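# Descriptive structure summary
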Amino acid sequence: MRSRLLALLLPTLLLALSCSREPEGVRRYIEETGALPRGPGARAGAPLVQFTPPAAWERLGGSGMRLEAFRAPGAVEVALARLPGDGGGFEANLRRWFGQLGVAPGNLEVQQFIESLSNETTWGGWPLMLLDLSAFTREGAPTMLIAYAQGPNFVLTLKASASASALRGIQADFNALARSLRPGN
Amino acid sequence: MDRLATLRARACRLPVIRWFLDLRLQILALLLLFLLTLWGTLYQVEHGLWASQQRFFYSWFFVSGGFFPFPGAKLVLAYLFVSLLLVTVLRLSYRAQKTGLILIHWGLLVLLAGGGITHFQAVESFLSLKEGERSNLTSDYRNWEISVWTERAQATNGLPEKRAVEAIDTDRLLGGKAVVFPDAALTLIPRRLFQNAMPNIEAPPSGPQSASGFTGLSAAAQQTDPAQDLPGGEFTVLAAGATNQILLWAGEASPLHLGEKTIQLRRKRHPLPASLALKRFTKEEHPGTAVARRYESRVQLSEPRLSREVLIRMNEPLRFADYTVYQSSYSEEEGVPVSVFAVVKNGGRIVPYLASVLLFLGMLIHFGIMLVGRIRRREAR
């Protein structure tokens, strides 16, 4: 009889143990924050970003996530922003920009557009995509030029919003600025 | 003894128990297990491993084709466990000659119980270390926390700097209830929460403050695997008599500083009973390619009483206490190698070995008894 009781109790105990949960509420723990001496090439903190703006462009300064703003010929405003991590993902950003233009292309159209993008690298070796969204907007309506560079732990976006004809006038300089992105010292 | 036999016979006649002792149902359960394994394997090709595990293996039931309920592996395995337990207790004859069979049954029961312990208790996380870095915490793949600590400059005398952290899992904030962090004397009130979010850099600059400088967050479509989501939210923080509106986003590498208080939304941390420091990471590539042939990490494992240097390689994990640390992958950050380890905490990791020993002994004894019996019968002829 005793062996049968044991036979029933042991698995029940195992099951009960396996179902226990962590207590709710605020947890406390100790975090070690010290690092051993870093290996060669390591730098502390987020890297600064350097770029070479076109000579005819006026620098307007930046703050927060907006690293720099420019005024290009034709009064086109261009903004360079730095997003942490992967910036929420390329496709999510692309859909956000479509939303700002008031267009909503279908999934297939978006995928085809993404596949058609050529992959380049910036001077700093970061993967770069140059996007011209004028194919999605009506003639005369505002559209966008976007440069999307993926850094080691951040994303850089360079964005110009104006009419397609105004953007065509600055596109070469815009692309050159995007390609000049590189880590700072 | 007769009374016991009567009790067993009476129990076997109970409809519920008969249901568990039904051989046809037991075979059906085994067939279902086979079907679920096959179905789950095919499903993960298109939907990913996580979705397949959740649907087929970690569920009691799931709905197929929009309306047809199907038992999940959890239910089938629970049935098989109870069934085997009842067979072991009620049907099996506890005689010396049956020792082998008894051990085999117990071995299978322990094996299934071990699976249950691993499912409910095991915690999978990861640890990324740059060369020269150390950590006593691992990060969860899919769960997030809001952690709060107070910055205090202190002399460390060459020892690792430590800070006391208070944290709450983000899934406990869904009710919108205020959370008090007693040690930091800080109250956090959730205003808006997003399972997956992205910064809105077009938001008015006068909005809530964040560590990275953005002043707005907007919802983003949830990914198939929650490990790829970056949750975020808007909060009111009450600390030191001041009220602050803040934004926290999982994509931010830096925490937000509010005076001496520091707050961050990050992957849930799991404390280790030791700290690991990456001394050197080595990668060997196939000749003429950038494809890794072999990579390994030399780490310093510092436990409370012992510090030792260990080499972790692919298929050669480090085991200590209830933990197994596998070499998972690697990356590079600003020219410095980063080694990524998969860390599994499993209090029941010994159980499958125990089950294997029981099964081995059971089979050895059972076939030994059969062999002896056969030899004796042959000699008798």
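Residues numbered from 1 in each chain as written. Chains lettered and ligands numbered in written order. Predicted model: local features only at pLDDT ≥ 70, side-chain atom pairs only at ≥ 80, totals over all residues.

It is worth spelling out the overall build of chain A at this point. Helix and strand counts for chain A stand at 4 helices and 10 strands. Counting from the amino terminus, helix and strand elements in chain A follow one another as α-β-β-β-β-β-α-α-β-β-β-β-α-β. Taken across its 185 residues, chain A has 28% of its residues classed as buried. (Helix = DSSP H or I, 4+ residues; strand = E, 2+ residues; numbered from the N terminus. Buried ≥ 20, exposed ≤ 12 C-beta atoms within 10 Å, placed from the backbone.)

On to the packing of helix H3 (residues 23-47) of chain B against helix H4 (residues 49-57) of chain B. All names here are of chain B. Across the interface, H3 lies against H4 with an axial gap of 8 Å and an inter-helix angle of 150°. When the axis of H3 is compared with that of H4, the two are roughly antiparallel. Judged by the sense of rotation from one axis to the other, the crossing of H3 with H4 is right-handed. Between H3 and H4, the residues in contact are Leu 36, Trp 39, Gly 40, Tyr 43, Gln 44 and His 47 and Leu 49, Ala 51, Ser 52, Arg 55, Phe 56 and Phe 57, respectively. For the contact of H3 with H4, a count of residues per class yields 7 nonpolar, 4 polar and 1 charged. (Axes fitted to C-alpha atoms, helices over the stretch in contact; angles between N-to-C directions. Parallel < 35°, antiparallel > 145°, perpendicular 65-115°, else oblique. Left-handed = near helix turned anticlockwise from the far one by under 90°. Contact = placed C-beta atoms within 7 Å. Nonpolar A, V, L, I, M, F, W, Y, C, P; charged D, E, K, R; others polar.)

The next thing to look at is the sheet that holds strand S5 (residues 76-84) of chain A. Residue and element names in this part refer to chain A. Spatially, 7 strands are ordered S3-S4-S5-S9-S8-S7-S6 in an open sheet, and the strand pairing comes out antiparallel. Sheet topology places strand S3 (58-59) and strand S6 (119-121) at the edges, where each strand pairs with a single neighbour. Here 2 bridges tie S3 to strand S4 (residues 66-72), and the two strands are oriented antiparallel to one another. Within S4, the position partnered with Arg 59 by the bridge is Phe 70. Strands S4, S5, S6, strand S7 (127-132), strand S8 (142-150) and strand S9 (154-163) of the sheet are contacted by helix H4 (residues 164-179), whose axis makes an angle of about 160° with S9. (Pairing = 2+ DSSP bridges.)

Turning our attention to the sheet that holds strand S6 (residues 179-181) of chain B. All names here are of chain B. Taken together, 4 strands build an open sheet; the order of strands is S6-S7-S10-S11 and the sheet is antiparallel. What marks the edges here is a single partner per strand, and that holds for S6 and strand S11 (242-249). Averaged over all adjacent pairs, the angle separating strand axes in this sheet is 30°, with direction ignored. Looking at chain direction, strand S7 (residues 186-194) and strand S10 (residues 232-239) are connected through 8 bridges and run antiparallel. Counted as the bridge partner of Pro 190 is Phe 235 from S10.

Ranked by internal contacts, the top residues of the largest apolar core, which has 61 residues, are Ala149(A), Leu156(A), Ala160(A), Ala178(A), Ile146(B), Leu248(B) and Trp249(B). For Ala160(A), the residues in contact, after removing those within four places along its chain, are Ala72(A), Val76(A), Val78(A), Met144(A), Leu145(A), Leu167(A), Ile170(A) and Phe174(A). Counting residues in each nonpolar core, the second largest holds 22 residues, with Leu108(B), Leu109(B), Val110(B) and Val351(B) among its members. (Core = buried A, V, L, I, M, F, W, Y, C linked by C-beta atoms within 7 Å.)

Before going further, it helps to examine the confidence of the model for chain A. Low pLDDT means the predicted coordinates in that region are not meant to be read closely. All names here are of chain A. Looking at chain A as a whole, the pLDDT averages 78, with 77% of positions reaching at least 70. Note on residues 18-23: pLDDT is under 50 here. Beyond four places in sequence and across chains, it has 5 contacts. Contacts for the low-pLDDT stretch residues 36-47, under 50 throughout, to residues beyond four places or in other chains number 22 contacts. (pLDDT = per-residue confidence, 0-100.)

Before going further, it helps to spend a moment on the confidence of the model for chain B. Looking at chain B, the pLDDT average stands at 88 and 96% of residues meet or exceed 70. The complex prediction reports pTM at 0.68, with the ipTM value standing at 0.81.

Attention shifts here to the pairing of S7(A). Residues and elements named next belong to chain A. Direction of pairing for S6 relative to S7: antiparallel, over a ladder of 3 bridges. Within S7, the position partnered with Glu 120 by the bridge is Leu 128. Between the antiparallel neighbours S6 and S7 lie 5 residues, among them Gly 125 with a positive phi of about 85°. Bridge analysis of S7 against S8 gives 5 bridges, and the strand direction is antiparallel. The residue of S8 that forms the bridge with Leu 131 is Ile 146.

So, on to the pairing of strand S4 (residues 134-150) of chain B. The two faces of a sheet get side chains in turn, since along a regular strand they alternate between them. Residue and element names in this part refer to chain B. The sheet contact formed by strand S3 (residues 123-130) and S4 spans 2 bridges and is antiparallel. Bridge pairing in S4 places Ser 125 opposite Asp 140. Joining the antiparallel neighbours S3 and S4 is a turn of 3 residues, in which Gly 132 adopts a positive phi near 95°. In this structure, S4 lies alongside strand S13 (residues 261-285), joined through 12 bridges in antiparallel fashion. Counted as the bridge partner of Ser 139 is Arg 269 from S13. As paired elements, S4 and strand S5 (residues 162-169) share 4 bridges and run antiparallel to each other. Note that in S5 the partner of Ile 146 across the bridge is Ile 168.

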